[in-house]
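Each chain, letter by letter, is given below.
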Amino acid sequence: MDSIDKLLAELKAEYDEPAKPQQPPQTKTFIQPPPKSTSLIDSLLAEVKADFVEKDAAQELRRQQELEQERIKQEKLKAQQLQALKNQAEDWLKKLDPFSAEGLWFERFAEGYSSKLEAAIEYLQTNE
């Protein structure tokens, strides 16, 4: 019986203590820093990515500059060709007999242009 009395005394002691409000167990969330090896890899990857971005930007800049240089070159070539054609048209106009069949035809043709030179350039371009 002695053991039963001990158990009853223990139970009575548990219930006689003032009731403590039960609180849910607090869970602490710890954000663990990434292991050093991971952060080292991340920094290396970021460095490599930055290098690629920089190289891509430099390559795009070079490409844009080359395109601009090509455009300028084409404009200069076109201006030279136009000047040569203008010189050719001026020479052609000087040699043109205004009373010949071609001269009379050209007078009518040139009526649609702002100048005879412009008409001669157009005429020579289409007949080349």
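One structure accompanies this document, and this report is about it. Residue numbers here run from 1 along each chain, matching the order of that chain's written sequence. Per-residue local features of the predicted model are confined to residues with pLDDT of at least 70, and side-chain atom pairs are confined, for both listing and counting, to 80 or more; whole-chain, interface and lining totals are unaffected and use all residues. Values reported for side chains reflect all heavy atoms of the structure, with hydrogen atoms and water molecules removed beforehand.

A closer look at the packing of aromatic side chains
Move 1: In summary, the pairing rule links any two rings of Phe, Tyr or Trp, Trp by its six-membered ring, whose centres are within 6.5 Å, and it sorts them by plane angle into stacked for under 30 degrees, edge-to-face for over 60 and tilted for everything else. What the rule picks out here adds up to seven aromatic pairs.
Move 2: With 5.0 Å between their ring centres and 15 degrees between their planes, tryptophan 105 and phenylalanine 109 make a pair best called stacked. You can see tryptophan 105 and its partner phenylalanine 109 sitting in helix α3 (residues 101-110), four residues apart, about one turn around the helix.
Move 3: A 1.4 Å probe rolled over the protein chains alone gives each residue an accessible area, and that area as a share of the maximum for its type sets the label: buried under 20%, exposed over 50%, partly exposed in between. Taking relative accessible area as the criterion, tryptophan 105 reaches 40% and is therefore assigned partly exposed.
Move 4: Overall, the relative accessible area of 23% leaves phenylalanine 109 in the partly exposed class. Each helix is a run of DSSP H or I of at least 4 residues and each strand a run of E of at least 2, with the numbering of both proceeding from the N terminus.

Brief notes about a nonpolar patch on the surface
Move 1: Side chains of Ile4, Leu8, Leu11 and Tyr15 sit close together on the surface and give an oily, nonpolar patch of about 460 Å² of accessible area.
Move 2: Relative to the helices and strands, isoleucine 4 is located in helix α1 (residues 2-16). Think of a patch as exposed residues, more than 30% relative accessible area, with no salt bridge, where like charges cluster within 9 Å and nonpolar side chains (Val, Leu, Ile, Met, Phe, Trp, Tyr) cluster within 5 Å. Per-residue accessibility takes into account occlusion by the displayed protein chains alone, with areas from the Shrake-Rupley method and a 1.4 Å probe. The salt bridge criterion pairs a side-chain nitrogen of Lys or Arg with a carboxyl oxygen of Asp or Glu, the two atoms within 4 Å.

Some points on the pattern of salt bridges
Move 1: Applying the stated criterion to the full structure yields four salt bridges.
Move 2: The closest approach of N and O atoms between arginine 63 and glutamate 60, which form a salt bridge, is 2.9 Å. Highlighted residues: arginine 63 and glutamate 60, both in helix α2 (residues 36-95), separated by three residues, approximately one helical turn.
Move 3: For arginine 71, the salt bridge identified is with glutamate 68, shortest N-O distance 2.3 Å. Remark: glutamate 68 and arginine 71 occur in helix α2; sequence separation between them is three residues, near one turn of the helix.
Move 4: Exposure remark for arginine 71: the relative accessible area of 39% places this residue in the partly exposed category.
Move 5: Residues joined by salt bridges that share partners form a network here, namely Glu68, Arg71 and Glu75.

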